[in-house]
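Chains, contacts and geometry: an overview
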Amino acid sequence: MNHRETAEQQDLLQKLIETQQKLEERNEQLELLNQVGAILTSELELEKVVQNVTDIATKASKAQFGALFYKKQNEKGEDYTLYALSGADRSHFAHLPVLRETPMLSITFHGEGVVRSDDITKDARYGNNSPHRGMPKGHLPVKSYLAVPVISKSGTVLGGLFFGHRESGIFTQKEEDLVVGIAAQAAVAIDNAQLYEAKLQAEQRVSLVVESIPHMAWTSLSDGIPNYYNKRWYEYTGQTKEQVLSEGWASVLHPQDLEHSISVWEEAKKHEEVYEVEHRFRRVSDGAYRWHITRGVPVKDDNNRVVLWVGTCTDIDDYKRAQKSLLAKNEELVKINEDLDNFVYIASHDLKSPVLNIMQLVKELHQSATYTSKDSEVLLDYLDKSLQRLNSTIKDLAEVAKVQRDVGTSEDVFSVDEIVEDLLGSLVDITKQTGATITTDLQPGTSVALTKVNLMSVLYNLISNSIKYRSPDRPLEVNITGREEKEYYKLVLADNGLGMDIEGQREKLFQMFRRFHDHVPGSGVGLYIVNRIIKNQGGYIEVTSKVNEGSTFTLYLRKRDKEN
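Residues numbered from 1 in each chain as written. Predicted model: local features only at pLDDT ≥ 70, side-chain atom pairs only at ≥ 80, totals over all residues. Heavy atoms only, no water.

Moving on to the sheet that holds strand E12 (residues 477–485). Reading across the sheet, the five strands line up as E11-E12-E13-E15-E14 and stay open at both edges, with mixed pairing between neighbours. Each of the sheet's edge strands pairs with one partner strand only, and the pair in question is strand E11 (437–442) and strand E14 (540–546). Each strand of the sheet is rotated relative to its neighbour by a mean of 10°, with strand direction disregarded. Sheet topology note: the E11/E12 ladder contains six bridges and is parallel. Bridge pairing links Asp 441 to Thr 481 in E12. Across the face of the sheet, helix H11 (residues 416–426) comes into contact with E11, E12 and strand E13 (488–495) while running at roughly 165° to E11. (Pairing = 2+ DSSP bridges. Helix = DSSP H or I, 4+ residues; strand = E, 2+ residues; numbered from the N terminus. Axes fitted to C-alpha atoms, helices over the stretch in contact; angles between N-to-C directions. Contact = heavy atoms within 4.5 Å.)

Bringing the confidence of the model for the chain into the picture now. In the predicted model, the chain carries a mean pLDDT of 79, and 73% of its residues have values of at least 70. Averaged pLDDT values over the elements of the chain bottom out at 60 in helix H3 (residues 91–94) and peak at 96 in strand E8 (residues 275–282). (pLDDT = per-residue confidence, 0-100.)

To continue, consider the sheet that holds strand E7 (residues 226–229). Pairing is antiparallel across the open sheet formed by five strands, whose spatial order is E7-E6-E10-E9-E8. Pairing within the sheet leaves two strands with one partner each, and these edge strands are E7 and E8. On average, each strand axis in the sheet is inclined to that of its neighbour by 25°, with strand direction left out of account. Of the pairings in the sheet, the one linking strand E6 (residues 216–221) to strand E10 (residues 306–315) comprises six bridges and is antiparallel in character. When the sheet's bridge partners are listed, Thr 219 is paired in E10 with Val 310. Packed onto the sheet, helix H5 (residues 173–212) meets E6 and E7 and runs at close to 55° relative to E7. Along the sheet, helix H8 (residues 255–271) makes contact with E6, E8, strand E9 (289–300) and E10, crossing E8 at roughly 155°.

Given below as structure tokens:
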């Protein structure tokens, strides 16, 4: 073998050794990165993660000291910078000025790339910024310099790794590759730690809210398994945390409510909709089952997937008892009203005959009696008038009793415009005598939920009131309009009569025997009857009036159901 072949073999052997060394170094790097990944992923507390990253990277890069600067957000959403140190005491940096984004540092903080220098003091970018023109006074001496940005998968710059050494030429491509690999691992770990921290903060905020409310509150995982109950729950039920996890609600829920509550809960989970149910929970202090309304709301992520259920259990037992008592009292009042109606109905009929008999006797006295004094005849006139008023009152009471009893609807189908036309036909004589003009503009063909007799009574009362209380200063004008309005037929009767001063007395307008004008005879029951007829059928009345200008009655009459 000649000298040339020997030299080639030695050269080849040397290259083989170098390649082997590089492979071993690469394997060491990969092994170190794997170890780093395992270490970092096992920790979720952000401060510990960044400290671990800084310690590992400082050691791997052979740096004298290292630092990781990273950003966080405060409660107002404002960024601020923190840092972790390795290889140097924090006191060495405590007195230094706030970190600024100089041309050298901005490369890292903007994620523009890696900066590695054998002697940073000789770099063209070094020492150009006032007031320090280089390292601030008191800064650790640095010549070898290595800076690597920490960038998340989304492209966000989370911070930067910075390493220094007092000697030059310390950081090679090997150290740079190692730190770049560690920075990638660190980005994932910091992302995870920040997400975990955000989750803890969110849970703390939820816990703060649910602990401050006076109701029992709870949260469940996406599958419905409970994972949190507030203090109020434990105080009310007497359960321990272990009992809640093993028994759930079953042991404190009323047995009769259990099956229904579970059924509603399963449906809510299935359709991912709000869970709401009324059921009874046993109170530990006295063993009483009290009614609660439980409501759970699904919390969804950006992909519209349920990640959590948040719910409350509100005590409504007092409300339920009050509601039950109110219903009982309402039934009692209905019974009393029925008894009163029956009494009025019977009394009006029982009194009618005796009063008529007395009126007939007075009439006979007028015709056949001989008066010894003028006072006797005057007294007899007073008696006659009093009996007539009594008879009128009895008739009105009978009419009121009839209205109270008559709450059904007629089998006859008729329209409002037909009834108005019929009624006006019967009032021709009185309108001619009084000079009144009545105009109509009615939507035809609409039936309402009133009997024909009741509708006629309502219209007659209102029109006769307009005629009775017309103004002597001008001819009476009555305008009747009607239009369908949702479930009602809106019937408006407007006149230009005397009007009424009803401000402050609206609640008395429809009271029995209430009158606003006394210059003409009247009983004061007409408006009462009108109001009762319409209210009994689910309608209502609105009134506007002005003295010496007129009145407007707006009737909302419930339309007849089509099937009727």
